[in-house]
Amino acid sequence: MTNGADLEFSYELRVPAAANAGEGWEKPAASADGVDWDGTVHDLARFVLAVWQVDCPKRYRGLPAYVEARNNLGAYAEITDLTPADELVAALEVAIEASQMADVASDRRRQELEDAMRDVRKFSSYSRNNIAHRVRGVMSRPTALKVMKE
């Protein structure tokens, strides 16, 4: 997976034992937004965890940590183990992220469709039935009618 111009990564690293000691969950032990990364979200999380284990402040040394990493297109991973993924697991992680991003894209497109249906209903002379008929290839009639009621 390569980083396109519109792909941004972020991560948060948390240390549960430190949080349980009164430091709280509100602020992660480390985080960043707009990370330039040319790889998967899973790989970014493993990389952040590996760097953390070497460079963390003394008060965190020896405590287990985990990283939540994501990109702006919907891929997400939570990593607690920095062991590199073998070839098959890496392929699985790529497939997981592709599926996550497809789900988010589908949700966005669905919302755009629903908004367009409402706009046509509100600003044109088309009836609810006519609009429901037009979208029949991608949405059932009862669902279309319900969307326009909202």
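Preceding block: the structure.
Thresholds applied
- Residues numbered from 1 in each chain as written.
- Predicted model: local features only at pLDDT ≥ 70, side-chain atom pairs only at ≥ 80, totals over all residues.
- Heavy atoms only, no water.
- Helix = DSSP H or I, 4+ residues; strand = E, 2+ residues; numbered from the N terminus.
- Buried < 20%, exposed > 50% of the residue type's maximum accessible area, 1.4 Å probe, protein only.
- Polar contact = N/O pair within 3.5 Å; in protein donor to acceptor, adjacent residues only side chain to side chain.
- Core = buried A, V, L, I, M, F, W, Y, C linked by side-chain atoms within 4.5 Å.
- Contact = heavy atoms within 4.5 Å.
- Pairing = 2+ DSSP bridges.
- Axes fitted to C-alpha atoms, helices over the stretch in contact; angles between N-to-C directions.
- Phe/Tyr/Trp six-rings, centres within 6.5 Å; stacked < 30°, edge-to-face > 60°.
- Expected span 1.5 Å × (residues − 1).
- Salt bridge = Lys/Arg side-chain N within 4 Å of Asp/Glu carboxyl O.

Peer 1: I'd like to hear about the side chain of R14, residue by residue, with values.
Peer 2: Within the fold, R14 resides in strand β1 (residues 9-14). A relative accessible area of 11% means that R14 is categorised as buried. A distance of 2.7 Å separates the side chain of R14 from the side chain of E12, its partner in a polar contact.

Peer 1: Which residues make up the nonpolar core, and what values go with them?
Peer 2: Ranked by size, the top nonpolar core spans 23 residues in total, and within it F9, L13, L44, W52, V67 and A69 carry the most contacts. Taken together, the elements giving at least two residues each to this core come down to β1, β2 (30-35), α2 (41-55), β3 (66-71) and β4 (76-79). Per-element tally for this core: the top contributor is α2, with six residues. Discounting residues that sit within four places of it in the chain, A69 has contacts with S10, Y11, V41, L44, A45, A75, Y76 and A77.

Peer 1: Tell me about the sheet that holds β3, and name the residues and values.
Peer 2: Sheet strands line up and pair through hydrogen bonds in the backbone, either parallel or antiparallel. On the basis of which strands lie adjacent, the open sheet formed by four strands has the order β2-β1-β3-β4 and antiparallel pairing. Each of the sheet's edge strands pairs with one partner strand only, and the pair in question is β2 and β4. Looking at each pair of strands side by side, their axes are set apart by 10° on average, direction ignored. Relative to β2, β1 is paired through four bridges, and the arrangement is antiparallel. Looking across to β2, one finds that Y11 is bridged to A32.

Peer 1: Tell me about the packing of aromatic side chains, and name the residues and values.
Peer 2: Per the counting criterion, the structure on display carries two aromatic pairs. Aromatic pair W37 and F47: ring centres 5.4 Å apart, planes at 35°, arrangement tilted. Separated by 10 residues along the polypeptide, W37 in the loop between β2 and α2 and F47 in helix α2 bring together distant segments of the chain. Judged by its relative accessible area of 19%, W37 is buried. Aromatic side chains W52 and Y60 sit 5.2 Å apart centroid to centroid with 50° between the ring planes, which places their arrangement in the tilted category. We classify W52 as buried; its relative accessible area is 11%.

Peer 1: Report on α2, specifying residues and quantitative values.
Peer 2: A rise of 1.5 Å per residue sets the reference length of α2, with its 15 residues, at 21 Å; its end C-alpha atoms lie 21 Å apart and thus fit the reference within 8%. Against the buried residues of α2 lie β1, β2, β3, β4 and α3 (87-123).

Peer 1: Tell me about the pattern of salt bridges, and please be specific about residues and values.
Peer 2: The full count for this structure, using the stated rule, is seven salt bridges. A salt bridge links R46 to D43, with the nearest nitrogen and oxygen atoms 3.0 Å apart. A residue pair is termed a helical-turn pair when its members lie 3 or 4 positions apart in one helix, as R46 and D43 do in helix α2 at three residues. Look at R46 and you get buried, because its relative accessible area is 9%. The residue R118 makes a salt bridge to D115 at a minimum N-O spacing of 3.2 Å. Highlighted residues: R118 and D115, both in helix α3, separated by three residues, approximately one helical turn. We classify R118 as partly exposed; its relative accessible area is 23%. Take D115: its relative accessible area is 35%, and that puts it in the partly exposed class. Bridged by salt links that share partners, the residues R110, E114, D115 and R118 form one connected network.

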